[in-house]
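Close look at the chain arrangement
Residues per chain, in single letters:
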Amino acid sequence: MIADENCKLCKMWQGVARVCERGFGSEHADILVISRLPNSGAYQDMIEASLTEAGVDLTRCFFTASIKCRNFTLEARKKELKACLTYLEQEIATIQPKWILAFGNEPLSQLTNHSGINSWRGRVIDGPGYKLIATISPASVKRNPGQAEGWQADLQFFAHQVAGIPDTVKIPRMRVVKTKRGLKLLKQAFLAADLVSYDIETTGLDEWGKDSAIVTCAFTLRTEEHLEVWLLPLYHPESPFNRGWRRVLAYLAPAFERIPKKVAHNGKFDARWLREFGVQADVTFDTMLAAHLLNENRTKGLKPLSRIILGVAPWEISTRNLVDTPLKEVLKYNGLDTVYCYYLYLVFKEELIADLRLLRIFNKLMMPAANDLIDIERRGTWTDPEKVATAVNISYRMRDEIDAKLREMVPNPSNPGSSIYAESNSPWPTNSKGKPVEVNFNASNFCRWWLFDHLGLPVLSRGKSRDDETPGMPSMAEEVMIELKATNHPVIPLLLERSKWQKYCSTYVTRYQEVAGDDNRVHTTFKLHGTVTGRLSSGKEDEEKITARRDRGSGVNIQQVPRDPFIRGLFGAPPGWSFVEADFGQVEFRLAAFISGDPTAIGLLQRGVDVHLEMAAKMMSKPASQVSKDERKHAKPVNFGFLYGMGWKKFIHTAKTKYGIDFSEDAAKMARKTFFQMYPGFLTWHARQRRLAHQFGRVQSPLGRTRHLPDIYSSDPDVVSEAERQAINSPVQSMASDMNLLAMILINRQFKQVGLEAYTLGVVHDAINFEIRNDAIHTALPIIKRTMENLPLKRTFGVNLTVPITADLKVGAWWGGATDVLEDHVYNFNPVKELYVPVR
DNA sequence: ACCTAAGGCGCG
DNA sequence: AAAGCGCGCCTTAGGT
């Protein structure tokens, strides 16, 4: 077969033992397996073993590679892949495979025009005469053993596709509701069902949008041991209920709400929409959240989970625009979602029952929180429209003024600069197409050329090298620019100042103004499955994240609002209401003390001592009473950094960039030493977490939340070290966020019981934000503080905390403009005297 | 027009 | 060799 040992089509031939290695395997193969490079013996063994395990007949396989020269020193880029494709195409023409299994991004991009292996893996892609399925490369599995499970599942899926194994899941009869009588029957079916798995299809992502509508609904109902699927057309143009779909929902709502068990995949989304249109239904079991809790590392989508766990073939819909898709197609798709969701529920339920601590977290934290978040996301956070408008104007003006100054300094052939720096005659830079780049004061190729080539400022740091020949691009990070201030070139402070205003314009103030509705509220989507530790993440709905479709996004990340009062002060409470922020105080340090059992740390916390002050005293070798404010400030990064195993080098860096404090090498080393001398228990705790991770491949928080750390078994020591540090951090971060979640749930419950006009706006990891009507504050504050400081961890999770937990409350008209409420005043709040009356 | 990767930076 | 952890969003560059 084709192989040119004199090939010089690209650089890869240099220094390899064998140029252009051909593939091997059965001449009558109908399966082509493509790796990145010709496999070494060990990788070939690994691939063959895994394929056999998945059920692929090796005698039907031909093995080859994207890049035919096994060159480990040079990196194959587009050019090389294109050159080598010639040989690959010849192999395909000769073998004429029916199936191709592509390992990694290289064969995927060579053969399909697609790139990004993680979004394309596990999908059947049609090629000329063959079907291609891609997955990650065995090399990446070996480096990150955490990938092994998903990799094997992809191979299994490939084997199923090749063998044509039928779906393992039986699809019940589906019936479509078309008439009034059908609606009546569906209502009766609701009343007879003990469980429903449901899903809705919608016109857009924001339920409050002007044209938003529910296109179809599907319900898998379980009644006395048998399943039936009901499909309900609503707003779809072919639907008989197209005009009266809201009335249909209203008619069905009471019966639907009465079904005791409601299962859905990412049910918060569906429940939020249904609530918008008058259906008040909580989700009792969310399969996506269960999947996440059981294994936080795996993919969360209904389709990949169904593929991996149920072994079913993918079910797709031809277009994203449901209104233009035939009703029949939409309904079938919608119905299958609910059927597979039901079968996933059966699997996950058993898995949770097998781990009662996880089941407890699921039932007592995740599901109640998910249902609370429905209302929280719907409410949104109020922004002051006038303040926002002013902030937008100021931000743009500041940025544009700086731009104007910069533009005068931009090199101009007819106006050679008067800078004290030698201006080289380095030519104006061009882009990949050979066109001159435009003036751009962001971190662009123009600026890199201007600063480092034209003005000759020193390159202090570079990014990653993209290939072997060219070095990485000069860094324009803030810390680099701060260093460059020393050059006294006037362009540096301008660029530094500009980047702040540019960020305000692009990411913050303008976005807030764009997404605030008529009610001046901005919304977010919280994900309970957004992090591996159990923290919530915040942002837009997934589908809104596409860069090219910025106009459609309407959510913001409420957890990354800059602390600058100029920005944070845009959020607040409407007239007559107050913004209340409740923070747990140094909760991670407290929990680290609890988990490690370090007697010094526990003792200090029990006595209510300021740990930062104490650290400063130790560092300065003097009594705490003589520690200055500045000295205490120096102690803060010490406590935060070394807690999770930071090295002295990184410590110098973070102390400088995050706290603006200079530590010399010796001082940093000394600080680290002092820290562990003061809390020797932290060192043994670190060692214990490393040992546990190596022994079990996972660690658990005191409440029972699990962090799987398969990478601990990596052959790469860097990867192992990373997993070890995660083993130290995870239980602490997990417990802190679960406590915050529990507090939120309990506080909301009390607000409802008392009927208070007090509402949660969101959580920011160890803090909860509320909006409370002024006449309810004196009732709400004690509830908040008492709940946060006295969480029923013993009763709910069997955990006896040995350290006190404190909550700090702030009340005000605006976030960030709020003032602390003294401890005594929380329990004795005098609304007349003490209520912060906002000046508007 | 749409997509991905990387750099950079906002938050806890 | 290098070594806190956990996130999401925006921009640029370089593709199809």
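Let us look at the structure shown here.

Cut-offs and rules
- Every chain is numbered independently, its residues counted from 1 as its sequence is written.
- Following the order in which they are written, the chains are lettered starting with A and the ligands numbered starting with 1.
- Confidence filtering applies because this is a predicted model: local features only for residues at pLDDT of at least 70, side-chain atom pairs given and counted only at 80 or more, and all residues used for totals across whole chains, interfaces and linings.
- Side-chain numbers come from the whole structure's heavy atoms, not from hydrogens or water.
- Numbering goes from the N terminus for both helices and strands, where a helix is a DSSP run of H or I of at least four residues and a strand is a run of E of at least two.
- Using C-alpha atoms as the atom set, the radius of gyration is obtained and then compared with a globule rule of 2.2 Å times the number of residues to the power 0.38.
- Three labels apply to residues, based on accessible area from a 1.4 Å probe with only protein chains included: buried if under 20% of the type maximum, exposed if over 50%, partly exposed otherwise in between.
- Residues are treated as being in contact if the distance between any of their heavy atoms lies within 4.5 Å.
- Should DSSP find at least two bridges between two strands, the strands are regarded as paired.
- Inter-axis angles, ranging from 0 to 180 degrees, are taken between N-to-C directions of lines fitted to C-alpha atoms, where helices are fitted over the stretch in contact.
- In this scheme, a helix's expected span is set at 1.5 Å multiplied by one less than its residue total.
- Side-chain atoms within 4.5 Å are what join buried Ala, Val, Leu, Ile, Met, Phe, Trp, Tyr and Cys residues into a set we call a nonpolar core.
- For this purpose, a residue is taken to be near a molecule or strand whenever a single non-hydrogen atom of the residue falls within 4 Å of it.
- What qualifies as a polar contact is a pair of N or O atoms within 3.5 Å, subject to a donor-acceptor requirement within protein and to the restriction that residues adjacent in sequence count only when both atoms come from side chains.
- Only Phe, Tyr and Trp rings take part, Trp by its six-membered ring, and two of them pair if their centres are within 6.5 Å. Stacked means planes under 30 degrees apart, edge-to-face means over 60, and tilted covers everything else.
- We count a charge as sitting over a ring when the NZ of a lysine or the CZ of an arginine lies within 6 Å of the ring centre and within 35 degrees of the ring normal.
- Just so you know how the angles are binned, under 35 degrees is roughly parallel, over 145 roughly antiparallel, 65 to 115 roughly perpendicular, and the rest oblique.
- It is the rotation of the near helix from the far one that decides the hand of a crossing: anticlockwise by less than a right angle makes it left-handed, clockwise makes it right-handed.
- Definition used for salt bridges: Asp or Glu carboxyl oxygen within 4 Å of a side-chain nitrogen of Lys or Arg.
- Put simply, Ala, Val, Leu, Ile, Met, Phe, Trp, Tyr, Cys and Pro go in the nonpolar bin, Asp, Glu, Lys and Arg in the charged bin, and everything else, Gly too, in the polar bin.
- Counting rule applied: Lys, Arg positive; Asp, Glu negative; His and chain ends not counted.

With that settled, consider the overall build of chain A. Looking only at helices and strands, chain A has 30 helices and 24 strands in total. For 840 residues, the compact-globule estimate of 2.2 N^0.38 gives 28 Å, and chain A sits close to it at 30 Å. C-alpha extents for chain A along the principal axes are approximately 85 × 85 × 60 Å. The buried share among the 840 residues of chain A stands at 53%. Across chain A, every contact between residues at least 6 apart in sequence was considered, and the portion connecting residues at least 24 apart equals 70%.

Sheet architecture is open: 6 strands sit in the order β1-β3-β2-β4-β6-β5, paired in mixed fashion. Only two strands of the sheet have a single partner each, and these edge strands are β1 (24–25) and β5 (124–127). Docked against the sheet, helix α2 (residues 78–95) engages β2 (31–35), β3 (61–65), β4 (99–103) and β6 (130–135), running at close to 170° with respect to β3.

This next bit is on the pairing of strand β8 (residues 195–202). Summarising burial for β8: 8 of the 8 residues are buried, a large majority. Judged by which residues are buried, β8 turns out to be covered on both faces: Leu195, Ser197, Asp199 and Glu201 on one side and Val196, Tyr198, Ile200 and Thr202 on the other are all buried. With 3 bridges joining them, β8 and strand β11 (residues 261–264) adopt parallel strand pairing. Opposite Val196, over in β11, you have Lys262 as the bridge partner.

Across its 14 residues, helix α24 (residues 665–678) extends 20 Å between first and last C-alpha, which sits within 8% of the 20 Å expected from 1.5 Å per residue. By the burial criterion, the buried members of α24 are Ala668, Ala671, Thr674, Phe675, Phe676 and Met678. For α24, the secondary structure elements touched by its buried residues are α20 (599–606), α21 (611–620), α22 (629–642), α23 (648–659) and α25 (680–696).

This part takes up the nonpolar core. Of all hydrophobic cores here, the largest spans 204 residues; its most connected members are Phe219 and Leu232. Residues contacting Phe219, with those up to four places away along its chain left out, are Leu186, Phe190, Val196, Ser197, Tyr198, Glu228, Val229, Trp230, Leu232, Phe256 and Thr338. Counting 37 residues, the second-largest nonpolar core is a separate cluster that includes Leu85, Leu111, Tyr130 and Ala134.

The next thing to look at is the pairing of β2. Counting buried residues along β2, 5 of its 5 residues qualify, which places the element largely inside the surrounding structure. Along β2, one buried face is formed by Ile31, Val33 and Ser35 and the opposite face, lined by Leu32 and Ile34, is buried too. Here β2 pairs with β3 via 5 bridges, running parallel. The partner of Ser35 across the bridge, within β3, is Ala65.

Let us now look at unusual backbone geometry. Generally, phi is negative for residues other than glycine and the peptide bonds are trans, each holding for most cases. In this model, Cys20 sits at a positive phi of 55°, which is unusual for a non-glycine residue. In this structure, Cys20 sits in the segment before β1.

This part covers the protein's contact with DNA strand C. Near DNA strand C, the surroundings consist of 39 residues, among which Asn440, Asn445, Lys545, Met646 and Lys650 are the closest. Considering the 4 Å shell around the protein, atoms of DNA strand C inside it are sugar or phosphate in 75% of instances. In this structure, Lys650 approaches DNA strand C through a side-chain N or O atom, which is 3.3 Å from a phosphate oxygen. Gln726 places a polar side-chain atom, nitrogen or oxygen, 2.9 Å from a phosphate oxygen of DNA strand C.

In the vicinity of DNA strand B there are 26 residues, among which Lys464, Glu478, Gln560, Arg563 and Asp766 approach most closely. A breakdown of the atoms of DNA strand B within 4 Å of the protein gives sugar and phosphate a share of 80%. Tyr508 is positioned with one of its side-chain polar atoms (N or O) 3.0 Å from a sugar or linking oxygen of DNA strand B. Taking Gln560, its side chain carries an N or O atom lying 2.7 Å from a base nitrogen of DNA strand B.

In this structure the tally under the stated criterion is 42 aromatic pairs. Ring centres of Trp428 and Trp449 lie 5.2 Å apart, and the angle between their planes is 45°; on these two criteria the pair is classed as tilted. Of the two residues, Trp428 is situated in the loop between α14 (385–409) and α15 (445–454) and Trp449 in helix α15; the sequence distance between them amounts to 21 residues. Here the aromatic rings of Trp501 and Phe566 are separated by 5.6 Å at their centres, their planes lie at 85°, and the arrangement is edge-to-face. Of this pair, Trp501 sits in helix α17 (residues 491–515) while Phe566 sits in helix α18 (residues 565–568), and the two are 65 residues apart along the sequence. Three or more aromatic residues joined by ring pairs make a cluster, and in this case those are Phe589, Phe642, Phe651, Phe663, Phe675, Phe676, Tyr679, Phe682 and Trp685. For Lys8, the ring lying beneath its charged end belongs to Trp13, and the centroid distance is 4.4 Å.

The next subject is the sheet that holds strand β18 (residues 577–584). Pairing is antiparallel across the open sheet formed by 5 strands, whose spatial order is β21-β22-β18-β23-β24. Of all the strands in the sheet, the pair left with one neighbour each is β21 (758–763) and β24 (819–820). One ladder, built from 5 bridges, connects β21 with strand β22 (residues 767–773); its direction is antiparallel. Its bridge partner lying in β22, Gly762 is registered against Asn769. The strands touched by helix α26 (residues 717–754) are β18, β21 and β22; relative to β22, the strand with the most contacts, the crossing angle is about 15°. This element, helix α27 (residues 777–789), spans β18, β21, β22 and β23 (807–812) of the sheet and lies at about 160° to β23.

What follows deals with the packing of helix α13 (residues 356–379) against α26. Remark: α13 packs on α26, axes separated minimally by 9 Å, with the N-to-C direction vectors making an angle of 60°. Between α13 and α26, the angle is such that the two are oblique. Considering only the axes of α13 and α26, their crossing is left-handed. Across the interface between the two elements, Ile361, Lys364, Leu365, Pro368, Ala369, Asp372, Asp375 and Ile376 of α13 pack against Asp738, Leu741, Leu742, Met744, Ile745, Asn748, Arg749 and Lys752 of α26.

What follows deals with the pattern of salt bridges. Close approach of charged atoms allows side chains of opposite charge to pair. Inspection of the entire model under this criterion finds 37 salt bridges. A salt bridge links Asp775 to Arg773, with the shortest nitrogen-to-oxygen separation between them at 2.7 Å. Given a relative accessible area of 30%, Arg773 falls into the partly exposed group. One network of salt bridges, with partners in common, ties together Glu207, Lys268, Arg272, Glu377 and Glu541.

Right, let's talk about α14 for a bit. For α14, built from 25 residues, the straight-helix expectation of 36 Å at 1.5 Å per residue is met to within 8% by its first-to-last C-alpha distance of 37 Å. By the burial criterion, the buried members of α14 are Val388, Ala391, Val392, Ser395, Arg399, Ile402, Asp403 and Leu406. Along its buried surface, α14 packs onto β13 (381–383), α15, α17 and α18. The distance from a side-chain oxygen at the start of α14 to the backbone nitrogen of Glu386 is 3.0 Å, and the residue carrying that oxygen is Asp384.

Attention now moves to the packing of α21 against α22. Here α21 crosses α22 at 105°, and the two axes come no closer than 8 Å. What the angle tells us is that α21 and α22 run roughly perpendicular. Taken together, the residues of α22 that come into contact with α21 (itself represented by Val611, His612, Leu613, Met615, Ala616, Met619 and Met620) are Glu631, Arg632, His634, Ala635, Lys636, Val638, Asn639 and Phe640. Taken together, the residues of the contact of α21 with α22 sort by class into 9 nonpolar, 3 polar and 3 charged.

Within the element layout of this structure, Thr287 appears in helix α10 (residues 287–294). The exposure class assigned to Thr287 is buried, which follows from its relative accessible area of 0%. Here the side chain of Thr287 touches His265 through a polar contact of 2.7 Å, side chain to side chain. Filtering out sequence-adjacent residues up to four positions away, Thr287 remains in contact with Val263, Ala264, His265, Cys341, Leu344, Tyr345 and Phe348.

Turning our eyes to something else, we now look at the side chain of Arg590. Its place among the elements puts Arg590 in helix α19 (residues 587–596). Among buried Asp, Glu, Lys and Arg side chains, Arg590 stands out as unpaired, with Asp808 the closest opposite charge at 7.4 Å. Engagement of the side chain of Arg590 in a polar contact is seen with the backbone oxygen of Gly585, the distance being 2.8 Å. Here Pro804 takes part through its backbone oxygen, which lies 2.9 Å from a polar atom of the side chain of Arg590.

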